[in-house]
Amino acid sequence: MIKRLPGALILLVLLLATAGCGSSSSTGPLLNTAQTSENTQGRMIVHFLDVGQGDSIFVQLPNGHNMLVDAGPREAGTDVVNYLKKAGVKKIDYLVATHPHEDHIGGMTAIIRRFDIDRVYMPRVTYTTKVYEDLLKGIQAEGLKINAASDGVEIINSGGLRAEMIAPNSAAYEEINNYSTVIKLSFGKTGFLLTGDAESQSEREMLADGYSLEADVLKVGHHGSYSSTSPAFLNAVRPKYSVISCGAGNDYGFPHAATLQKLRGIQLFRTDLDGDVVFETDGEGLQVSTERR
Ligand SMILES: [Zn+2]
């Protein structure tokens, strides 16, 4: 089932890089559209980016649109901008800030400055840090409107492609992490569960609400912290592959040993050890490759 295709990835990256260079001086809308659809050709590519301690997931949708879920910490902003530019991205159709912690939104101000953004989604939460306020100011400066992220919000549903928010399920939490937007992304027979930093309280709510949690790929909650990935939740997701996004030698000891123990028997990728982790699917099979930048 699983294939590591470094050669294929390098070829793909080269093709994307060439496409990006070839048109860097042109801004014609027709060319942009053609270029965007060329990149994916009916395939979905999900990139778990190595942003150090934080999360950033870039999704090239099969219809040629782009989604970015989080943008890593502030110091990763330029790297994320460059990664997207290299992939030929001109416009981000869906930008999701899972929750206001710096390791998820710190790089987002740079993203908003450099790309056209269509829709922005953020959970409704009051949080006062400079980095969060800077992001809100940046969003306002670009004239963008914030769409509330909460359970039941359908981002996309067309032609076998679906992106639905299944958390947060409550209006108020003590722990900011539980405000995390959780996205179930499905294309054909394949599914991804992007959990942000949702902890066991949010996991219990998703289970109680009866959402179909089953997914091939689980973005492990909260960088592999013991406070997420409760056994009942993991049993419901039943992933074939799991991805932990965390920084090498981070201050929090992520991923925690208890989480690694729970994930035994599931193929695990880690951005701190593997670099960028990239899944590609035609809606039937999944291929994964990793690359250190
Ligand atoms: Zn985090």
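Up top is the structure.
To start, this report covers the structure provided alongside it.

Criteria and thresholds
Residues numbered from 1 in each chain as written. Predicted model: local features only at pLDDT ≥ 70, side-chain atom pairs only at ≥ 80, totals over all residues. Heavy atoms only, no water. Helix = DSSP H or I, 4+ residues; strand = E, 2+ residues; numbered from the N terminus. Buried < 20%, exposed > 50% of the residue type's maximum accessible area, 1.4 Å probe, protein only. Contact = heavy atoms within 4.5 Å. Core = buried A, V, L, I, M, F, W, Y, C linked by side-chain atoms within 4.5 Å. Polar contact = N/O pair within 3.5 Å; in protein donor to acceptor, adjacent residues only side chain to side chain. Pairing = 2+ DSSP bridges. Axes fitted to C-alpha atoms, helices over the stretch in contact; angles between N-to-C directions. Donors = N, O, S within 2.8 Å, 3.2 Å for Na, K, Ca; no water. Tetrahedral: all angles 85-135°; square planar, octahedral: opposite > 155°, others 65-115°.

On to the environment of alanine 257. Looking at the element boundaries, alanine 257 is found in helix 9 (residues 257-262). When its relative accessible area of 61% is taken as the criterion, alanine 257 is described as exposed. As for alanine 257 and glycine 224, which are separated by 33 residues in sequence, their C-alpha atoms are 8.6 Å apart.

By secondary structure assignment, the location of phenylalanine 192 is in strand 10 (residues 190-194). Separated by 47 residues in sequence, phenylalanine 192 and proline 239 place their C-alpha atoms 8.8 Å apart. Excluding residues that lie within four positions of it along the chain, phenylalanine 192 makes contacts with Met44, Val46, Ile183, Lys184, Leu185, Ala215, Val217, Phe279, Thr281 and Leu286.

A word on the nonpolar core. With 34 residues, the main nonpolar core has Leu68, Leu84, Ile92, Ile111 and Ile117 as its most contacted residues. Within the residue set of this core, elements represented by two or more residues are helix 3 (77-86), strand 4 (91-96), helix 5 (108-114), strand 5 (116-122) and helix 6 (130-141). Aside from chain neighbours lying at most four places away, what touches isoleucine 111 is Leu68, Ala71, Val80, Val81, Ile92, Leu95 and Ile117. Core analysis: the next-biggest nonpolar cluster, separate from the first, contains 30 residues, Val46, Ile156, Ile183 and Val277 among them.

Here the focus is the side chain of aspartate 70. In this fold, aspartate 70 is placed in the loop between strand 3 (66-69) and helix 3. Only 2.8 Å separates the side chain of aspartate 70 from the backbone nitrogen of threonine 98, close enough to count as a polar contact. Excluding anything up to four places from it in sequence, aspartate 70 contacts Asp55, Ser56, Ile57, Val96, Ala97, Thr98, His104 and Met108.

The sheet built from seven strands is open, its strands ordered 7-8-9-10-11-12-13 with mixed pairing. Edge positions in the sheet fall to strand 7 (154-158) and strand 13 (267-270), since each has one partner strand and no second. Along the sheet, successive strands turn relative to each other by an average axial angle of 20 degrees, direction set aside. Alignment of strand 8 (residues 161-167) against strand 9 (residues 182-187), held across six bridges, turns out to be antiparallel. Bridging from a neighbouring strand, arginine 162 pairs with serine 186 of strand 9.

Pairing of strand 7 with strand 8 involves four bridges; the strand directions are antiparallel. Within strand 8, the residue paired with asparagine 157 across the bridge is arginine 162.

What the eight strands build is an open sheet, ordered 6-5-4-3-2-1-14-15; its pairing is mixed. Of all strands in the sheet, those with a lone pairing partner are strand 6 (146-148) and strand 15 (286-291), marking the two edges. Put simply, the sheet's adjacent strands are angled 20 degrees from each other on average, direction ignored. Where strand 4 lies against strand 5, five bridges are found, and the strand directions are parallel.

Protein-derived coordination of the zinc ion comes from Asp103 (OD), His104 (NE2), Asp197 (OD) and His223 (NE2), at a distance range of 2.1 Å. Here the zinc ion is ringed by four donor atoms whose angles at the metal span 85 to 158 degrees, and the overall shape comes out irregular. On the primary sequence, the residues serving as donors to the zinc ion are separated as D-H-x92-D-x25-H. Taken together, the positions of aspartate 103 in helix 4 (residues 102-105) and aspartate 197 in the loop between strand 10 and helix 7 (200-208) put the pair 94 residues apart, joining distant regions of the chain. Judged by its relative accessible area of 1%, aspartate 197 is buried.

The next subject is the side chain of serine 225. Considering the arrangement of structural elements, one finds serine 225 in the loop between strand 11 (217-219) and helix 8 (231-237). For serine 225, the contacting residues outside a window of four places in its chain are Phe254, His256 and Thr259.

Looking now at unusual backbone geometry. Here the bond from alanine 167 into proline 168 is cis, since omega is 5 degrees, no more than 30 degrees from zero. Positionally, proline 168 belongs in the loop between strand 8 and strand 9. In this structure, proline 255 follows phenylalanine 254 across a cis peptide bond, with omega equal to -5 degrees. Mapped onto the elements, proline 255 comes out in the loop between strand 12 (241-244) and helix 9. In this structure, aspartate 70 is a non-glycine residue whose phi angle is positive, near 70 degrees. The exposure class assigned to aspartate 70 is buried, which follows from its relative accessible area of 1%.

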